[in-house]
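# Descriptive analysis of the structure
Spelled out, the chains give:
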Amino acid sequence: MAECEICGKPLLTQRKARIDGVVFTVCESCLKLGEEMPVIMPVVRKNALPKPIVGEDCVLIENFGEKIRGERQKRGLTQEELASKISERASLIKKAEQSIELEENVIKKLEKFLCVKLYEKPDAFIPKGREEHAVLTLGDVAEIRRKRA
Ligand SMILES: [Zn+2]
């Protein structure tokens, strides 16, 4: 059995505490000596929500340049006109339409102005919890189908 790294008492529950910058496995009473650290549990909580999508996890979609050009042409705007609408230089629009990656703030402005999604979340970033949820959902669908039949 694991022992408390501070007082040596056998541990019933393993808690982690940071004491003077070092993380120890400690008992309940020694926990108070430091700052409690979250213990990563191997069990996935059923009701755990998928993490919100954050900027750096997203990548530009393939052919975002075509998308931008298509949306611009739909609006009957020239590259210069679109550029002035979002207060950027026409040369940036030209680059964007060639699918050359631009600064995030320029892309965001284009997304907003053209009402299109230019960033996507790569599959690799889908949290484990969501997969489990998808399986459950498929099960539910099958259940519904059985009832209808
Ligand atoms: Zn202890």
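Scroll up a little and you will see the structure.
Residues numbered from 1 in each chain as written. Predicted model: local features only at pLDDT ≥ 70, side-chain atom pairs only at ≥ 80, totals over all residues.

### Re the overall build of the protein chain
Applicable threshold: Helical segments are the DSSP runs of H or I of at least four residues, strand segments are the runs of E of at least two, and each set is numbered from the N terminus. Three exposure classes are used, based on other C-beta atoms lying within 10 Å of a residue's own C-beta, which is placed from the backbone: buried for 20 or more, exposed for 12 or fewer, and partly exposed in between. Residue pairs are scored as contacts if the distance between their C-beta atoms, which are placed from the backbone, is within 7 Å.
Assigned secondary structure in the protein chain consists of 6 helices and 5 strands. For the protein chain, the sequential pattern of α-helices and β-strands runs β-β-α-β-β-α-α-α-α-β-α. Considering the protein chain as a whole, with its 149 residues, one finds that 12% of them fall into the buried category. Contacts spanning at least 24 positions in sequence make up 41% of the contacts within the protein chain whose residues lie at least 6 apart.

### So, the sheet that holds strand S1 (residues 15-19)
Spelled out, the test is: Two strands pair if DSSP finds at least two bridges between them. Axis definition: a line fitted to C-alpha atoms, limited for helices to the stretch in contact. Angles are taken between N-to-C directions and run from 0 to 180 degrees.
Sheet architecture is open: 3 strands sit in the order S2-S1-S3, paired in antiparallel fashion. What marks the edges here is a single partner per strand, and that holds for strand S2 (22-26) and strand S3 (35-37). Going from strand to strand, the sheet's axes swing by 40 degrees on average, the running direction of each strand aside. As defined by bridge partners, S1 adjoins S2 across 5 bridges and the pair is classed as antiparallel.

### Looking at the nonpolar core
When a protein is soluble and globular, its nonpolar side chains tend to lie buried together. Selection rule: Definition of nonpolar core: a set of buried Ala, Val, Leu, Ile, Met, Phe, Trp, Tyr and Cys residues joined via C-beta atoms within 7 Å.
Of all hydrophobic cores here, the largest spans 10 residues; its members are Phe64, Ile68, Leu82, Ala83, Leu92, Ile93, Ala96, Leu110, Leu114 and Leu118. Only helix H2 (64-74), helix H3 (79-85), helix H4 (90-97) and helix H5 (104-114) provide two or more residues apiece to this core. The element best represented in this core is H4, accounting for 3 residues. Beyond its immediate sequence surroundings of up to four residues, Leu110 is in contact with Ile68, Ile86, Ala96 and Leu118. Counting residues in each nonpolar core, the second largest holds 5 residues, with Cys4, Val26, Cys27 and Cys30 among its members.

### Remarks on H4
Keep this limit in mind: This arc is taken over the directions from the axis of the helix to the C-beta atoms.
Within H4, burial applies to Leu92, Ile93 and Ala96. Seen end-on, H4 carries its buried residues on one side only, within an arc spanning 100 degrees. In this structure, the buried residues of H4 make contact with H2, H3 and H5. Within two residues after H4, Ser99 carries a phi angle of roughly 60 degrees, on the positive side.

### A short note on the environment of Glu111
On the secondary structure map, Glu111 appears in helix H5. Measuring from C-alpha to C-alpha, the distance between Glu111 and Ile68 comes to 8.6 Å, with 43 residues separating the pair along the chain. Those residues in contact with Glu111 that lie beyond four places of it in its chain are Val116, Lys117 and Leu118.

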